[in-house]
Amino acid sequence: MGEYRKLWFILIGVLAVTFSLLGYFGTEVYRNAPPIPAQVVSDGGEVLMTHDSILDGQTAWQSVGGMQLGSIWGHGAYQAPDWTADWLHRELINWLELAAQDVFGKAYADLDGAQQNALQYDLKVAYRTNTYNADNDQVVLSPRRVQAIAQTADYYQRLFSDAPELQKTRENYAMKENTLPDPERRERMAEFFFWTAWAASTERTSGEATYTNNWPHEPLIDNRPTAENIVWSIASVVLLVFGVGALVWAWAFLRKENEEETVAPDVDPITTFAVTPSQRALGKYLFVVVALFTFQVFLGGFTAHYTVEGQTFYGINVSEWFPYSLVRTWHIQAAMFWIATGFLAAGLFLAPIINGGKDPKYQKLGVDILFWALIAVVVGSFIGNFLAIAHIIPTNLSFWFGHQGYEYVDLGRVWQIGKFIGILLWLFLMMRGITSALRQPGDKNLLALLTASVVAIGLFYGAGLFYGERTHLSVMEYWRWWVVHLWVEGFFEVFATAALAFIFCSMGLVSRPMATAATLASASLFMLGGVPGTFHHLYFSGTTTPVMAVGATFSALEVVPLVVLGYEAWENWRLKNRALWMQQIKWPLTFFVAVAFWNMLGAGVLGFMINPPIALYYVQGLNTTPTHAHAALFGVYGFLALGFSLLILRYIRPQLVFSDKLMKVAFWWMNIGLALMLFTSLLPVGIIQFVASASEGLWYARSESFMQSDLLVTLRWVRTFGDVVFIVGALAVTWQVVKGLYERNTPTGVNVINPLTDATPEEKVCCGSCGGSSHP
């Protein structure tokens, strides 16, 4: 460790503490998840539903697209209702109507204020009182509530069929006709919806919050933010201010004075390595990156259009075969695939460089096998998604080969396992290039951190295999966010930071000590907030107050390192002026600048906007979430994957010169299009919904009448302008990559300089992988 000992100890300490918190409170999720009773019975003893029938309903919900069609507990798509909030409100209204007739012989609307208040008090007592008996594992329901449930279930059974009286509602919710054809499975799905609403309205113990910490906002039964919610929200803001202040002070007083600026070499050291067969084989990876990117972008426009024409595309009925739930699944999964492919390609490009400029034996074969495995997983999962939502695949195979129903991990379990095996193969290929370099003497700290991030990426995707088709929803959410938050937002962030530092060090643009220290410090900051910050997704997923406390506290710290990203962007931008040859990689650097900007705005500002518990209480499940998701997922990881792809393209096609015209269109139109998409449509819709949610309840903010109001429909149409601008930019970068790959403009017989033997003393630059032992 040497001079970096303190930084390593800090990083190791941060990981030990944060993963201990994540693990300890993860066991709390298991212990305190809302019970799925063995039986739900009437007070006369009639069995209404069972543990197995509720889980059968969960699998039925998964088979129609799950979180891609509406949401449960606030997680999922945004056009159809949140089924938890919607079911709860409809059941409450049905109960009040039944009570009004039973007690007063009138419709509820015809009662005076005192009579309505009396019934609302009875309603609150009836719903918030926990009638679960742990001894016999039963929930007992009153006759009136049984009747209210039956009326609500009837509505849902008709909604998910092709009942003509609800055709317009299905269109407004972007549901296809006969969404779930099997009547028995519709009944089971209604039971699952009831259970999620029961957990959201039933107090854990008398006088305390519901199983979902009083979410969703529902004034009829006093579902309002808890005192703990407000306290930890204030604490998170205070910690954010403290963290930013501490970082500024540390930046000003604790960091060492900048060392002398490294003198850039006369030639790009990376170009002095002969391109290896495995690196040349990465061309097809880059093609897949831009092909899937283009496919995803057009699917995004298609999906967005469904929010204004729920079953048609400019009058053409396409929902029967390509409904909203399917194209949204493909849109998200395509993003996950092409971004991951860009990162995997970056690692595979670095492996031979780390290995001294040569491929390990059979490295190209491994790269080719991994590529075709990736293609098989992509094609197989997309076909499986289609077959599941079309109900062509057998019911018992839907989860395994079709659709898991969980956002970001929608692919069938078999394809998920295949993807994990592919990532492990990538890890193996990376380690073959790294291991020999690690054995060399010299400073290996930067390489060791890069290696650790590679291992983490290889292994932590496996967290998505820790739940199954019938796993409790709270437990599933815990592990799902290990993948979506921890794997993607945590370890990919560290890998990207370490990889860029290694690349710039290899180019001789920054010194190894500076790159190592900065990367270790950044990794500690990312992990400090990022690991336990996973819990900020679980405030209302059947967890207890300590989970909210940890999530709120540490998710505030996630924003702290993003404060200095403007400086990082400036430093990256300045690199292009360090040497004439840097102009050849100006555009990859420009994309990395965009990464820093969107990290600050998308992940930082728009992320913290929805992170405090009090904010998320009202906006979970509204369009404020996709505002953050689009800005962070594409703005950060999308631009990063494209930047990596352009950088690789530059080196595997040595004579390539990027078209400034194409690249200006690509860069600016994508950035401007993304900004237009966010700030002229998604964010305004989200803010308007937030006001509705805070004043009336979540059910209203996601209701058919509200979402189809003239203003919101107009704002969703306005998104078209941003989408078109973005698509133009996407096509430009795709065309640049395709041109670069397939224009044979590299002359034969080019002499490649070996940096260890043929370079002049001024040109010899050590990237640190060999410890300086392989050359003078």
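One numbering rule holds for all chains: residues counted from 1, following each sequence as written. pLDDT decides what is reported in this predicted model: residues at 70 or higher carry local features, side-chain atom pairs at 80 or more are listed and counted, and totals for whole chains, interfaces and linings draw on all residues regardless. Only hydrogens and water are set aside; all other atoms, that is, all heavy atoms of the structure, feed into the side-chain values.

Chemist: Would you mind going over the overall build of the protein with me for this structure?
Modeler: Helix and strand labels come from DSSP, where a helix needs a run of H or I of at least four residues and a strand needs a run of E of at least two; each type is numbered from the N terminus. Within the protein one finds 26 helices and 8 strands. Against the compact-globule benchmark of 28 Å for 776 residues, the protein has a radius of gyration of 28 Å, which places it among compact chains. Accessibility here uses a 1.4 Å probe with only protein chains present; expressed as a share of the type maximum, an area under 20% marks a residue as buried, one over 50% as exposed, and anything in between as partly exposed. Classification of the 776 residues of the protein by burial places 61% in the buried group. Taking as baseline every contact in the protein between residues at least 6 positions apart, the subset at least 24 positions apart corresponds to 78%. Using a 1.4 Å probe, the Shrake-Rupley method yields the accessible areas, and only the shown protein chains count as cover for residues. Here the protein displays about 28,800 Å² of accessible surface, and carbon together with sulfur accounts for 64% of that area. Radius of gyration here is computed from C-alpha atoms only, and the compact-globule reference equals 2.2 Å multiplied by the residue count raised to the power 0.38. We call two residues in contact when some of their heavy atoms are within 4.5 Å.

Chemist: Sorry, what's going on with the packing of aromatic side chains here?
Modeler: Each aromatic ring pair is described using two quantities: the centre-to-centre distance and the angle formed by the ring planes. Any pair of Phe, Tyr and Trp rings, taking the six-membered ring for Trp, is counted once the centres come within 6.5 Å. Such a pair is stacked with planes under 30 degrees apart, edge-to-face with planes over 60 apart, and tilted for the rest. The full count for this structure, using the stated rule, is 72 aromatic pairs. Residues Phe 192 and Phe 193 carry aromatic rings whose centres are separated by 6.2 Å and whose planes lie at 45 degrees to one another, so their mutual orientation is tilted. Look at Phe 192 and you get buried, because its relative accessible area is 1%. For the ring pair Trp 198 and Tyr 211, a centre distance of 5.5 Å and an interplane angle of 35 degrees mean the geometry is tilted. Here Tyr 211 lies in the loop between α7 (183–201) and α8 (227–254) and Trp 198 lies in helix α7, a separation of 13 residues in the sequence.

Chemist: Honestly, the side chain of Asn 623 in this entry has me stumped. Any pointers?
Modeler: Looking at the element boundaries, Asn 623 is found in the loop between α21 (613–619) and α22 (624–652). A residue is classified by how much of its surface remains accessible, and Asn 623, at 10% relative accessible area, is buried. Residue contacts for Asn 623: discarding those within four places in its chain leaves Tyr 78, Leu 682, Val 685, Gly 686, Gln 689 and Met 707.

Chemist: What is the right way to read empty space enclosed by the protein from this model?
Modeler: The gaps of empty space that remain are located by a probe, the size of a water molecule, rolled over the atoms. Definitions used throughout: a 1 Å grid over protein atoms alone; a cavity as a set of points that fits a 1.4 Å probe which cannot get out; a pocket as an open set with protein on both sides within 12 Å along at least five of seven lines; a lining residue as one with an atom within 4 Å of a point. Grid points are joined across faces, edges and corners, and a volume is the space filled by probe spheres set on the points. Using the criterion set out here, one finds 6 cavities of 30 Å³ or more in the structure. Approximately 170 Å³ is the volume found for the second largest cavity. Around the second largest cavity sit 15 residues that line it, and Leu 344, Leu 374, Lys 419, Gly 422 and Ile 423 are the ones nearest its centre. Gly is put with the polar residues, along with every residue not named as nonpolar or charged; the nonpolar set is Ala, Val, Leu, Ile, Met, Phe, Trp, Tyr, Cys and Pro, and the charged set is Asp, Glu, Lys and Arg. Residue composition of the lining of the second largest cavity, grouped by class: 11 nonpolar, 3 polar and 1 charged.

Chemist: Hey, could you run me through the packing of helix α3 (residues 83–104) against helix α5 (residues 143–159) in this one?
Modeler: Think of two packed helices as two axes; the pair is described by the angle between the axes and how far apart they sit. To get an axis, fit a line to the C-alpha atoms, keeping to the stretch in contact for a helix; angles then go from 0 to 180 degrees between the N-to-C directions. Packing of α3 against α5 brings their axes to within 8 Å, and their N-to-C directions diverge by 130 degrees. Taken together, the axis directions place α3 and α5 in an arrangement best described as oblique. Where α3 crosses over α5, the handedness of that crossing is right-handed. Across from Trp 83, Asp 86, Trp 87, Arg 90, Glu 91, Asn 94, Trp 95, Leu 98, Ala 99, Asp 102 and Val 103 in α3, the residues of α5 making contact are Arg 144, Arg 145, Gln 147, Ala 148, Ile 149, Gln 151, Thr 152, Ala 153, Tyr 155, Tyr 156 and Leu 159. When its residues are assigned to classes, the contact of α3 with α5 shows 12 nonpolar, 4 polar and 6 charged. An angle below 35 degrees is treated as roughly parallel, one above 145 as roughly antiparallel, one from 65 to 115 as roughly perpendicular, and anything else as oblique. Handedness of a helix crossing follows the sense of rotation of the near helix relative to the far helix, less than a right angle counterclockwise being left-handed and clockwise being right-handed.

Chemist: Quick question: what am I supposed to make of the confidence of the model for the protein here?
Modeler: Fine structural detail should not be taken from predicted coordinates in areas where pLDDT scores are low. Confidence of the prediction at every residue is given by pLDDT, a number between 0 and 100. Of the residues in the protein, 93% reach a pLDDT of 70 or more, and the chain-wide mean stands at 90. Counting interchain partners and residues more than four positions distant, the pLDDT-below-50 stretch residues 746–776 has 55 contacts.

Chemist: What is the right way to read the nonpolar core from this model?
Modeler: Soluble globular proteins tend to bury their nonpolar side chains together. Residues belong to a common nonpolar core when they are buried Ala, Val, Leu, Ile, Met, Phe, Trp, Tyr or Cys residues joined through side-chain atoms within 4.5 Å. Formed by 244 residues in total, the largest nonpolar core has its most connected members in Trp 83 and Met 507. Those residues in contact with Met 507 that sit more than four places away from it in its chain are Pro 265, Asp 268, Pro 269, Ile 270, Trp 581, Met 582, Ile 585, Leu 647 and Tyr 651.

Chemist: How should I be thinking about the pattern of salt bridges in this particular structure?
Modeler: Here the idea is simple: oppositely charged side chains can pair when their charged atoms come close. When a carboxyl oxygen of Asp or Glu lies within 4 Å of a side-chain nitrogen of Lys or Arg, that pair is called a salt bridge. This structure, assessed with the given rule, holds 23 salt bridges. Salt-bridge contacts for Asp 222 lead to Arg 224; the nearest nitrogen and oxygen are separated by 3.3 Å. Note on Arg 224: relative accessible area 38%, which makes it partly exposed. The structure contains a network of salt bridges with shared partners spanning Glu 184, Glu 187, Arg 188 and Glu 191.

Chemist: For this particular structure, what's the right way to read unusual backbone geometry?
Modeler: Generally, phi is negative for residues other than glycine and the peptide bonds are trans, each holding for most cases. Residue Pro 216 follows Trp 215 across a cis peptide bond; omega there is 0 degrees. Within the secondary structure layout, Pro 216 lies in the loop between α7 and α8.

Chemist: I tried to follow the environment of Glu 743 on my own but got confused; where do I start?
Modeler: Along the chain, Glu 743 falls in the segment after α26 (710–742). On the accessibility criterion, Glu 743 (39% relative accessible area) is partly exposed. Residues Glu 743 and Pro 654, spaced 89 residues apart in sequence, show a C-alpha to C-alpha distance of 12 Å.

Chemist: Is there a simple way to explain the packing of helix α1 (residues 5–32) against helix α16 (residues 473–506) in this structure?
Modeler: The N-to-C vectors of α1 and α16 enclose an angle of 160 degrees; their axes lie 9 Å apart at closest approach. Of the possible angle classes, the one that applies to α1 and α16 is roughly antiparallel. Regarding α1 and α16, the two cross each other, and that crossing is right-handed. Residues Phe 19, Leu 22, Gly 23, Gly 26, Val 29 and Tyr 30 of α1 touch α16, and the partners they reach there are Ser 474, Val 475, Tyr 478, Trp 479, Trp 482, Leu 486 and Phe 491.

Chemist: Any chance you could explain the pairing of strand β6 (residues 138–141) here in plain terms?
Modeler: Remark: a regular strand shows side chains that alternate across the two faces of the sheet. Strand direction decides the pairing type here: strand β1 (residues 39–42) and β6, joined by 4 bridges, are parallel. By the bridge assignment for β6, Ser 42 is matched with Leu 141. A strand pair is defined by DSSP finding two or more bridges across the two strands. As judged from the 2 bridges shared by strand β5 (residues 132–133) and β6, these two strands associate in the antiparallel manner. Bridge pairing in β6 places Asn 133 opposite Gln 138. Where β5 folds back on β6, the antiparallel hairpin that results is connected by 4 residues, among which Asp 137 adopts a positive phi of roughly 55 degrees.

Chemist: Honestly, the pairing of β1 in this entry has me stumped. Any pointers?
Modeler: Strand direction decides the pairing type here: β1 and strand β2 (residues 47–50), joined by 3 bridges, are antiparallel. Residue Gln 39 lies in a different strand from β2, and its bridge partner there is Thr 50. Here β1 hands over to β2 after 4 residues, with Gly 45 in that stretch at a positive phi of 95 degrees.

Chemist: Explain the environment of Phe 639 here, please?
Modeler: Mapped onto the elements of the fold, Phe 639 is located in helix α22. C-alpha separation for the pair Phe 639 and Met 670, spaced 31 residues apart in sequence, amounts to 9.5 Å. Other than its neighbours up to four places away in sequence, Phe 639 contacts Phe 591, Ala 594, Val 595, Trp 598, Phe 634, Met 670 and Asn 671.

Chemist: In this structure, what is going on with the sheet that holds β5? I would like to understand it.
Modeler: Two pairing modes exist for strands in a sheet, parallel and antiparallel, and in both the strands are linked by backbone hydrogen bonds. Here we have 4 strands laid out as an open sheet, ordered β2-β1-β6-β5, and mixed in their pairing. For this open sheet the edge positions go to β2 and β5, each flanked by a neighbour on one side alone. The strands touched by helix α2 (residues 51–63) within the sheet are β1 and β2, with β2 carrying the most contacts at an inclination of about 55 degrees. Along the sheet, α5 makes contact with β1, β2 and β6, crossing β6 at roughly 95 degrees.

Chemist: Could you clarify how one ought to interpret helix α4 (residues 113–128) in this entry?
Modeler: It helps to recall that an α-helix has 3.6 residues per turn; residues three or four apart then point in one direction. A helix is expected to span 1.5 Å multiplied by its residue count minus one. Between its first and last C-alpha, α4 extends 22 Å over 16 residues, near the 22 Å set by a 1.5 Å rise per residue. All of the buried residues in α4 are Gln 115, Leu 119, Leu 123, Tyr 127 and Arg 128. Buried residues along α4 sit in contact with α3, α5 and α7. In the analysis that follows, any N or O atom pair within 3.5 Å is treated as a polar contact, provided that within protein one partner can donate a hydrogen and the other can accept it, and provided that, for residues neighboring in sequence, both atoms belong to side chains. The N-capping residue of α4, defined by a side-chain oxygen 3.2 Å from the backbone nitrogen of Ala 114, is Asp 112.

Chemist: Please explain the environment of Val 29 as it appears in this structure.
Modeler: Mapped onto the elements of the fold, Val 29 is located in helix α1. Taking the C-alpha atoms as reference, Val 29 lies 10.0 Å from Met 476; in sequence the two are 447 residues apart. Setting aside residues no more than four positions away along its own chain, Val 29 makes contact with Ser 474, Val 475, Tyr 478, Thr 543 and Val 547.

Chemist: Would you mind showing me how to read helix α14 (residues 413–439) here?
Modeler: If you check α14, its first and last C-alpha atoms are 38 Å apart, about what 27 residues at 1.5 Å a residue would give, namely 39 Å. Maximum bend of α14: about 30 degrees, positioned at Arg 432. A residue's bend is the angle separating two fitted axes: one through the seven residues that end there, the other through the seven that start there.

Chemist: I tried to follow a nonpolar patch on the surface on my own but got confused; where do I start?
Modeler: Nonpolar side chains collect at one region of the surface, where Trp 668, Trp 669, Ile 672, Leu 676, Val 724 and Val 728 lie side by side and expose about 530 Å² of accessible area between them. Counting residues per element, the ones that place at least two in the nonpolar patch are α23 (660–695) and α26. For the nonpolar patch, the element with the highest residue contribution is α23, accounting for 4 residues. Looking at the element boundaries, Val 724 is found in helix α26. Grouping into patches uses exposed residues only, defined as over 30% relative accessible area, and leaves out salt-bridged ones; the cut-off is 9 Å for like charges and 5 Å for nonpolar side chains (Val, Leu, Ile, Met, Phe, Trp, Tyr).

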